[in-house]
Amino acid sequence: MSDTIHCPRCPRGKLHSFRRVNAKEEKHIASVYPKKGAHGFWRCEGRTGSGQCLWVQPYYNQADGFDLPPSFS
């Protein structure tokens, strides 16, 4: 399942597809996200100038989003 949401890292002016994080991404997020772990996080499926977008955020809560490390490209 995916949804379209604005991504602060991808080209502005259009919405981008987001999908639920996978198990590997969820494990990393739970280790670094101080609030409630990785439950409910979604990842942008867009492309940036440097490859696949690394932005993750709780569903429709961009203020709590952040970039995954480059190893998740």
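In the block above lies the structure referred to throughout.
Residues numbered from 1 in each chain as written. Predicted model: local features only at pLDDT ≥ 70, side-chain atom pairs only at ≥ 80, totals over all residues. Heavy atoms only, no water.

Visitor: Would you mind showing me how to read the overall build of the chain here?
Guide: If you tally the helices and strands in the chain, you get 1 helix and 7 strands. Reading the secondary structure of the chain in the N-to-C direction produces β-β-α-β-β-β-β-β. Taking 2.2 N^0.38 as the reference for a compact globule, 73 residues should give roughly 11 Å; the C-alpha atoms of the chain span a radius of gyration of 11 Å, in line with that estimate. Of the contacts made within the chain by residues no fewer than 6 positions apart, 44% connect residues no fewer than 24 positions apart. Across the chain, 11 positive and 6 negative side-chain charges occur, with their mean positions spaced 3 Å apart. (Helix = DSSP H or I, 4+ residues; strand = E, 2+ residues; numbered from the N terminus. Rg over C-alpha atoms; globule rule 2.2 N^0.38 Å. Contact = heavy atoms within 4.5 Å. Lys, Arg positive; Asp, Glu negative; His and termini not counted. Charge placed at Lys NZ, Arg CZ, Asp CG, Glu CD.)

Visitor: Could you clarify how one ought to interpret the pattern of salt bridges in this entry?
Guide: Opposite charge on two side chains allows them to pair when their charged atoms are near. On inspection of all chains with the given rule, the structure shows 4 salt bridges. Asp67 is paired through a salt bridge with Arg9; the nearest N and O atoms lie 2.8 Å apart. Of this pair, Asp67 sits in strand β7 (residues 66-67) while Arg9 sits in the loop between β1 (2-5) and β2 (16-20), placing them 58 residues apart in sequence. The class of Arg9 is partly exposed, set by a relative accessible area of 43%. When the shortest N-O distance is used, the salt bridge between Arg19 and Glu45 registers 3.9 Å. Separated by 26 residues along the polypeptide, Arg19 in strand β2 and Glu45 in the loop between β3 (41-44) and β4 (47-48) bring together distant segments of the chain. (Salt bridge = Lys/Arg side-chain N within 4 Å of Asp/Glu carboxyl O. Buried < 20%, exposed > 50% of the residue type's maximum accessible area, 1.4 Å probe, protein only.)

Visitor: How do you make sense of the side chain of Glu25 when you look at a structure like this?
Guide: With respect to the secondary-structure elements, Glu25 resides in helix α1 (residues 23-32). Separated by 2.5 Å, the side chains of Glu25 and Arg43 make a polar contact. (Polar contact = N/O pair within 3.5 Å; in protein donor to acceptor, adjacent residues only side chain to side chain.)

Visitor: Would you explain the packing of aromatic side chains in this entry?
Guide: In this description, a pair of aromatic rings is defined by centroid distance and the angle of the planes. A full pass over the atoms with the stated rule returns 4 aromatic pairs. Between Tyr33 and Phe41, the ring centres sit 4.8 Å apart and the planes meet at 80°, which makes this aromatic pair edge-to-face. Residue Tyr33 shares its accessibility class with Phe41, and that shared class is buried. Taken together, Tyr33, Phe41 and Phe66 form an aromatic cluster joined through their ring pairs. Cation over ring: Lys24 sits above Phe72, and NZ or CZ is 5.4 Å from the ring centre. (Phe/Tyr/Trp six-rings, centres within 6.5 Å; stacked < 30°, edge-to-face > 60°. Lys NZ or Arg CZ within 6 Å of the ring centre and 35° of its normal.)

Visitor: Is there a simple way to explain the pairing of β3 in this structure?
Guide: Along any regular strand, the residues point their side chains to alternate faces of the sheet. Residues of β3 alternate between two faces, with Phe41 and Arg43 on one and Trp42 and Cys44 on the opposite face, all of them buried. Bridge count for β2 against β3 is 3 bridges, and the pairing is antiparallel. Bridge pairing links Arg20 to Trp42 in β3. As defined by bridge partners, β3 adjoins strand β6 (residues 55-58) across 3 bridges and the pair is classed as antiparallel. Directly across from Trp42, in β6, lies its bridge partner Gln57. (Pairing = 2+ DSSP bridges.)

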